[in-house]
Amino acid sequence: MYRIIGAGLAMLLAGAATAGTLDEVKTRGTLNCGVNTGLVGFASKDSNGEWRGFDVGMCRAVAAAVLGDPMAVNFVETTAATRFTALNAGEIDLLVRNTTWSFATDVDLKVDFAGINYYDGQAFMVPKTLGLSSARELDGRSICVQAGTTSALNVDEYFDRYQMSYEAVPVEGTAEAQSLYLEGACEVYSSDASQLAAIRATFANPGDHVLLEDIISKEPLGPAIRHGDNDWADIVRWTLNALIAAEELGVNSANVDELKAQGTSTPELNRLLGLEGRMGEMLGLDADWAVRAIKAGGNYGELFSRNIGVDTPIGLSRGLNLQWTEGGLLYSPPFR
């Protein structure tokens, strides 16, 4: 997603990461995981007040791997403005909140990304009544976009490139943008395509709004941790990789126990399941860490399908998020 421009100095003042997050989490007995304040399909509370979503699943997988309990998570709501401050101040151990891995977030804000869990891009949503089919038809339109973010800069650069103009309607956050858009105060809403799809799903009449096919930026989203805590980064990185590799290797939440009990003829799968090698030991965990992560909410494909896939109100196709063996970009380094 976007980041707040000029936040680098504030992040630097927040201080360097303290080493030993793994020990802190184990001692505390819970994982403090930063998520969105409420984005259906990714991180939001259900009618019973329980957190659910694609990003929530990643938090639970890490908790299962480290603490043995996917429910041992304290979900901390963060906004685009507070997420990096909360992470660098130690208020959260892990940030899983549609956050873009960019040069500035990585280098300037001193945030380390453990990988990419969703390949996204910025798009535009418009009322179907406008009859538009391309972003090249947006010349002169009013656009709601969060002020002071890279989303706003992306829109500026796109319109400059094609010598178009637009009326910016600056907003402070998602809730305000959604309200102004539905009230007609702006004709267009621009943000990450996945976020727009999630927001549209909450509308009374989602079918009255369309996402234009044009993608104007690269937005690789991923879990982030404090800079310099390499041991903790390894755990988060390889938990994500375990979910991705599990899908590729045919392991899911329903068959992982059986495969673990019987063993397989695939060496890499046996290593993932803790039947061979000492990967858990290398991470400071036990041999079953990946098995627990997979059981927590399923492999990557299960998490995607259940929370944001084509059969959900969000209705996202896998697209670039298909496995590399199926023409997508999803790829785990080898478990070797």
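Residues numbered from 1 in each chain as written. Predicted model: local features only at pLDDT ≥ 70, side-chain atom pairs only at ≥ 80, totals over all residues. Heavy atoms only, no water.

### Structural notes on the pairing of strand 9 (residues 142-146)
The element strand 9 is largely enclosed, with a buried count of five among its five residues. Judged by which residues are buried, strand 9 turns out to be covered on both faces: Ser-142, Cys-144 and Gln-146 on one side and Ile-143 and Val-145 on the other are all buried. Judged from the five bridges that link them, strand 9 and strand 10 (residues 167-171) form a sheet pairing that is parallel. Following the sheet pairing, Val-145 is matched in strand 10 by Pro-170. On the question of chirality, the crossover connecting strand 9 to the parallel strand 10 by way of helix 6 (residues 150-161) is right-handed. Sheet topology places strand 9 next to strand 11 (residues 188-192); two bridges connect them, and they run parallel. Each bridged residue has a counterpart across the sheet, and for Cys-144 the counterpart in strand 11 is Tyr-189. (Buried < 20%, exposed > 50% of the residue type's maximum accessible area, 1.4 Å probe, protein only. Helix = DSSP H or I, 4+ residues; strand = E, 2+ residues; numbered from the N terminus. Pairing = 2+ DSSP bridges. Right-handed = clockwise from strand over helix to strand, strands pointing away.)

### Some words on the confidence of the model for the protein
Within the protein, residue pLDDT values average 92, and 94% of them lie at 70 or more. Taken together, the stretch residues 2-19 has pLDDT below 50 and engages in 45 contacts with residues farther than four places along the chain or on a different chain. (pLDDT = per-residue confidence, 0-100. Contact = heavy atoms within 4.5 Å.)

### Side note on the pairing of strand 11
Within strand 11, five of the five residues are buried, which leaves the element mostly enclosed by the surrounding structure. Where strand 8 (residues 122-127) meets strand 11, four bridges bridge the pair, whose relative direction is antiparallel. When the sheet's bridge partners are listed, Gln-122 is paired in strand 11 with Asp-192.

### Considerations on helix 6
Along its twelve residues, helix 6 runs 16 Å from first to last C-alpha, staying within 8% of the 16 Å computed at 1.5 Å per residue. For helix 6, the set of buried residues is Ser-151, Ala-152, Asn-154, Val-155, Tyr-158 and Phe-159. Looking straight down helix 6, one finds its buried side chains confined to an arc of 160 degrees; they lie on one side. Turned more than 90 degrees from where helix 6 packs its buried face, Glu-157, Asp-160 and Arg-161 sit exposed. In this structure, the buried side of helix 6 is in contact with strand 8, strand 9, strand 11 and strand 13 (219-221). Directly beyond the C-terminal end of helix 6, a positive phi value near 50 degrees is found at Gln-163. (Expected span 1.5 Å × (residues − 1). Arc of directions from axis to C-beta.)

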